[in-house]
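Read off the chains here:
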Amino acid sequence: MNTLSGRRTRVLAATTATAGLLLVAACTSSDNGGSGSKTAAGGVELVKGGQLTTCTHLPYPPFQSEIDGKVQGFDVSLIDLVAKDLGVKQEILDTPFENFKTGAFLNSGSCDLAAAGMTITEERKKNVDFSDPYFDATQALLVAKGSGISSLADAKAKKVKLGAQAQTTGEDYVKAHGFDPVSFESSDAVLNGLRSGQVKAVVIDYPVVQGWLKNKANADAFQVADNINTGEQYGFTVKKGNTKLLAAINKALSDAKADGTYKKLYEKWIGPYDASAASPSAS
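Given the structure is predicted, the values throughout are model-derived calculations rather than measurements. (Residues numbered from 1 in each chain as written. Predicted model: local features only at pLDDT ≥ 70, side-chain atom pairs only at ≥ 80, totals over all residues. Heavy atoms only, no water.)

### Notes on the overall build of the protein chain
Consideration 1: Within the protein chain, the secondary structure is distributed over 11 helices and 13 strands.
Consideration 2: When the 283 residues of the protein chain are sorted by exposure, 52% land in the buried category.
Consideration 3: Surface exposure of the protein chain reaches about 12200 Å², of which carbon and sulfur atoms provide 50%. (Helix = DSSP H or I, 4+ residues; strand = E, 2+ residues; numbered from the N terminus. Buried < 20%, exposed > 50% of the residue type's maximum accessible area, 1.4 Å probe, protein only. Areas by Shrake-Rupley, 256 points an atom, 1.4 Å probe, with all protein chains shown as cover.)

What follows is the structure, encoded as structure tokens:
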């Protein structure tokens, strides 16, 4: 399994077309208010003054990826709403996905929150506090057209070489169902593994596959052979005990669902709106 420990950490601007956020320069911290204050609206304490620092793992479209030199996506847009409520800007830090499970970058004070299309699990709850669920997710089995693979069970029966993204619930799921998957560092690497023939099929979150298939070349070459409902839901995470920031995130999500912003962003980044995704219950 690739632990991603050698991946270089990068700081990137988080900018969406709707919010128009620009790269935030580091501010001198103070407790006197203003852009340099580490205390935002509602008494939320930030790791850096004047900005909401978000840990993510790139790329993971349509939730977060670099588009035209800027980090954009569904997660980015939702956290922009939180930043706006707090009166600050969002800045994104690209980090290894394994650290999301342990909360390492939250505990070290590198980030205020993590947003990475992260599934809520009991194991992860031991290390971090999750927001309310903001997205219902399923897994998808993607194969080349004409492969003859019709389902995950069929792939197992035919002893198909399967790929998955390392450290994800998709990888955990296929391992639990008797596969020994090839682990790839990122979602892009998963697709490239399928495209290059390293694997004959891949299992990854369905919204990611939806994003891939919006590309005509991908749609001409690949197809979804199986949808796997694992009951997964995504949540944002904060350091355990950070109740004020957690409340701010949950309020922004609730407001967005109530005023139609969530629906608008869902349709922009994910696809046709599924009303059930707007009001998921906690796992």
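### Considering unusual backbone geometry
Consideration 1: Here Leu58 and Pro59 are connected by a cis peptide whose omega angle stands at -10 degrees.
Consideration 2: Within the element layout of this structure, Pro59 appears in the loop between strand E2 (51-56) and strand E3 (65-67).
Consideration 3: Going from Pro61 to Pro62, the amide bond is cis rather than trans, its omega being 5 degrees.
Consideration 4: Structurally, Pro62 is set in the loop between E2 and E3.

### Section: the packing of aromatic side chains
Aromatic rings considered in pairs are described by the distance between their centres and by the relative angle of their planes.
Consideration 1: A full pass over the atoms with the stated rule returns 14 aromatic pairs.
Consideration 2: Grouped by ring-pair contacts, the aromatic residues Tyr60, Phe63, Phe74, Tyr134, Phe135, Tyr234, Phe236, Tyr262 and Tyr266 constitute a single cluster.
Consideration 3: Between the NZ or CZ atom of Lys257 and the centre of the ring of Tyr262, over which it lies, the distance is 5.5 Å. (Phe/Tyr/Trp six-rings, centres within 6.5 Å; stacked < 30°, edge-to-face > 60°. Lys NZ or Arg CZ within 6 Å of the ring centre and 35° of its normal.)

### A short note on the pairing of strand E5 (residues 89-94)
Consideration 1: Along E5, five of the six residues are buried, which leaves the element largely enclosed by surrounding structure.
Consideration 2: Sheet topology places E2 next to E5; six bridges connect them, and they run parallel. Within E5, the residue paired with Thr53 across the bridge is Glu91. (Pairing = 2+ DSSP bridges.)

### Focus: the pairing of strand E11 (residues 201-205)
Consideration 1: For E11, the tally of buried residues reaches five of five residues, placing the bulk of the element in the interior.
Consideration 2: Sheet topology note: the strand E8 (residues 135-144)/E11 ladder contains five bridges and is antiparallel. Following the sheet pairing, Leu142 is matched in E11 by Val202.
Consideration 3: The pairing of strand E9 (residues 162-165) with E11 spans three bridges and is parallel. Counted as the bridge partner of Leu162 is Ala201 from E11.

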